[in-house]
Amino acid sequence: MCGIVGFSGRDPELIGRMMESITHRGPDSGGMKENVEFTFGMRRLSIIDVAGGEQPLVSPESGVSIVFNGEIYNHPELRAELSGRGHRFFTDHSDTETILRAYEEWGDQCVEHLTGMFAFAVYDPSRHELFLARDRLGIKPLYYYANGPKFVFGSEFKALFQDAEVPRRPNEQVLLGFLMHRVHDSTEETFYEGVSRLLPGHWMAVGPEGVRRIKQYWSPAISPEFSSSKSDAEYAEEFYELFSKVVKRHMISDVPVGVTLSGGLDSSGIASIMREQMDRGADTHTAGTLYTFSALFPGQTIDESDYIHEVERAVGSIPHYAYPTVDKFWDEMGEWIWYQEEPTISSAPYAYYSVYKIAHEHVKVVLSGNGGDELLAGYIPYFRAYLTSALDQRKLLAAGRELWAGRDLYNGFIKAALRSGNTRGQGGMSMRSLLAVGDDQLRSVDFRPDRNLNRRLGQDILKFSTPNLLRYEDKNSMAFSIESRVPFLDHELVEYVLALPIDQKIKKGWNRFVYRNAMKGHMPELNRTRRSKIGFTNPEVDWIRMKAPVIRDIFASHELSARGIYDQTKLCESFDAWVAGAEGEGLTFWRVLVSELWMRKFVDSPVGLVS
C-alpha cells in the first residue's frame with residue numbers, strides 16, 4: 001500500500017513536495033524517477049516483499065517503469081503464468097513487478113488479469129506514454145489535473161495542490177448536488193473545479209501532448225431475474241466457498257493483519273472466516289492471534305458491545321477498543337477534514353478514523369466489512385426495490401409473503417416513509433430553503449433508484465454509495481498508515497452476487513438471505529440472526545446538538561456569509577429551531593458545517609504538508 005504522484009515534464013522540487021505531502025500513506029520508504037516526458041514518485045507502506053519491492057520499478061529489458069498503490073491478490077498465480085511465457089523476474093515476490101511484467105505481456109489489457117485493489121502508473125518509453133489504471137470497484141483513489149499538455153496525478157488532492165498551477169476552487173455544481181441530494185463521488189468530477197478522478201474500472205493513456213484516451217474496461221453483468229433456479233442450500237454452499245476463498249486471498253501479507261469489528265453481520269462474518277482460515281494454516285503474522293478493533297459507545301443506544309463481544313469469544317480474538325466522544329471529535333475535526341480532503345455525508349466515518357488510530361499500534365493490514373450492505377441488500381429501504389421487482393415480474397404472492405414475514409422490519413419503514421411524505425415541504429427545514437442560489441444553478445442530479453433490486457444494488461455499488469464509502473475507508477486508514485482491504489468488494493464476489501436472483505437477497509423476512517444461509521454454523525447465531533442494523537457510526541445527531549453554540553457561531557460567521565451559498569438568516573433561524581426541538585433532519589446542518597470547514601481548510605488557506 002502506497003501513495004503515488006507524478007506529472008508531465010521535470011521538476012525535482014515539485015516531486016519532492018508531492019511525495020512529502022503523502023508520507024502518511026507510505027512512511028517506510030520513498031522513491032522517484034524522472035523519465036523523458038514524465039516524472040513520478042511514490043511513498044511505500046511495505047506489505048508484500050518488504051525487502052525487495054521498492055519502487056519505482058524499472059524493467060531492465062524494456063525500460064518500462066511503474067509506481068503502484070494497492071495489492072494484487074493473485075500475483076503468485078500471475079507470476080507463474082508470466083514466467084511460463086518467458087518473463088524473468090528480478091524481485092523475490094513483488095506484486096508490483098507482476099503488474100510491470102503483465103503490462104509488457106498484455107499492454108493495456110493487463111488490468112483484466114489483475115485481481116485486487118490498485119491504482120498505478122506505467123511509463124512506456126516506446127509509446128512515449130503514461131498508462132494509468134484504477135481497480136474495478138475503485139478501492140484505491142487516483143486524481144488528476146489535465147490542461148493541454150500539463151498533467152498532474154496523485155493518490156490525494158494535497159499532493160496535486162503542491163503544484164501552484166492546479167486550481168483549488170470549489171466545484172459549485174458538485175457542492176450543490178452534495179448539499180441538496182447527498183450525492184458525491186458518483187462521476188469523474190470532484191469537489192475541486194478542474195480536478196478529476198479516474199473512475200473505477202477505467203484506464204487512461206497520457207502523452208506529452210496531454211490525455212490521449214480514457215477507457216472503461218470492466219462493468220459487471222446484472223441479472224434482473226426474481227426467482228431462484230436452484231435450491232437455497234445450493235446457493236448457500238456456492239456463496240460460502242467463494243466467500244471463504246475471497247477472505248483467504250485478502251489475508252495475503254508479509255506483515256501483521258487484523259480486522260475491524262462492528263458487531264454487524266458483515267464484519268462478524270469476515271472475522272469468523274479469518275479464524276477458520278487461520279485454523280487451516282493461513283498466517284496473519286501475529287503469532288496465531290486474531291486482532292479485532294472496534295468502536296464502543298458505553299451507555300449509548302448505538303453501542304454494539306454485546307454483538308462485538310460475542311464474536312470476540314467465538315474467534316478467540318484479542319480485542320482493542322476506541323471510545324469516540326464529541327469532544328475528541330471536535331478537537332480532531334480539523335485534522336480529520338485535512339485527511340478527508342472533501343466533505344463527508346455525515347460524521348459517521350470518524351468512528352473508523354478512531355479505530356484505525358488504535359489499529360496502527362498493532363497491525364499494518366486490516367480487513368473491513370464495508371460494502372456488504374450495498375452488495376446484499378442489507379438496508380431496510382432496499383425492500384422498496386424488492387417490492388417493485390416483484391410487482392413488475394408479477395410475483396405478487398412472493399411480495400405478500402415477504403410483507404408478512406418481515407413485518408417487524410418493514411412496517412416501521414413504511415410508516416416512516418409515509419410520515420416523511422406527509423411532512424415534506426412543511427416548515428423551513430429543507431436544504432433548498434436554506435440556499436441563496438437560483439434554480440438555474442441547481443443542476444439536476446439523476447439518482448433515481450432503479451425499480452429492479454439487482455439493478456438498484458448495482459447502482460449503489462458502482463455509483464451512488466460504495467464510491468464514497470471507499471473514499472472514507474481509504475482516507476481514514478491511510479491517515480494512520482494502515483492498508484484497509486474490503487473483501488465484500490472483491491470483483492469476483494460482486495459479479496457472483498449481482499448475477500444471483502433477487503430472492504436470494506431478500507426472502508422469508510430476511511435481508512442478505514444467501515449470506516445468512518451460507519454463514520450458518522460459521523459465525524455466532526446472535527450475530528447471524530440479528531434484525532437490527534447499526535454498524536460503525538457515531539451518535540452524530542446528538543453530537544450536533546451538544547456542539548450547537550459553536551456550530552451556530554460558524555453559521556453566523558462572515559466567512560460563511562461571503563460564500564453567497566446560503567440564506568444566512570434562514571440557516572441560523574432553522575438551526576436554532578431544530579436545536580430547540582423542532583422536527584427536521586439534523587444531518588442537513590452537518591452538510592453545511594462540513595462544507596464550510598472544508599472550504600476553510602482547502603480553499604481559503606494554503607495547503608501545507610501537514611494538517
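Given the structure is predicted, the values throughout are model-derived calculations rather than measurements.

## What about the pattern of salt bridges?
All chains considered together, the criterion is met by 53 salt bridges. Taking the shortest distance from any N to any O, the salt bridge between D266 and R512 comes out at 3.2 Å. Residue D266 is located in helix α7 (residues 265–279), and its partner R512 is located in the loop between β19 (510–511) and α19 (513–518); the two are separated by 246 residues in the primary sequence. By relative accessible area, D266 is classed as buried at 5%. A relative accessible area of 4% means that R512 is categorised as buried. R600 is the salt-bridge partner of E559, the closest N and O atoms lying 3.8 Å from each other. Separated by 41 residues along the polypeptide, E559 in helix α23 (residues 558–563) and R600 in helix α25 (residues 586–602) bring together distant segments of the chain. Taken together, the shared-partner salt bridges in this structure form one network comprising R25, K140, E156, K158, E341, D474 and K475.

## Observations concerning the sheet that holds strand β15 (residues 318–322)
Here we have 5 strands laid out as an open sheet, ordered β15-β14-β13-β16-β17, and parallel in their pairing. Only two strands of the sheet have a single partner each, and these edge strands are β15 and β17 (483–485). Neighbouring strand axes in the sheet, compared pairwise and without regard to direction, differ in orientation by 30° on average. Where strand β13 (residues 257–260) and strand β14 (residues 291–295) come together, 3 bridges link them in parallel fashion. The residue bridging G258 from the neighbouring strand is Y291, located in β14.

## Looking at the confidence of the model for the chain
Close inspection of predicted coordinates is inappropriate in any region flagged by low pLDDT. Model confidence for the chain is summarised by a mean pLDDT of 94, while 96% of its residues fall at 70 or above. Contacts for the low-pLDDT stretch residues 422–427, under 50 throughout, to residues beyond four places or in other chains number 1 contact.

Reading the values: rules and limits
- Residues numbered from 1 in each chain as written.
- Predicted model: local features only at pLDDT ≥ 70, side-chain atom pairs only at ≥ 80, totals over all residues.
- Heavy atoms only, no water.
- Salt bridge = Lys/Arg side-chain N within 4 Å of Asp/Glu carboxyl O.
- Helix = DSSP H or I, 4+ residues; strand = E, 2+ residues; numbered from the N terminus.
- Buried < 20%, exposed > 50% of the residue type's maximum accessible area, 1.4 Å probe, protein only.
- Pairing = 2+ DSSP bridges.
- Axes fitted to C-alpha atoms, helices over the stretch in contact; angles between N-to-C directions.
- pLDDT = per-residue confidence, 0-100.
- Contact = heavy atoms within 4.5 Å.

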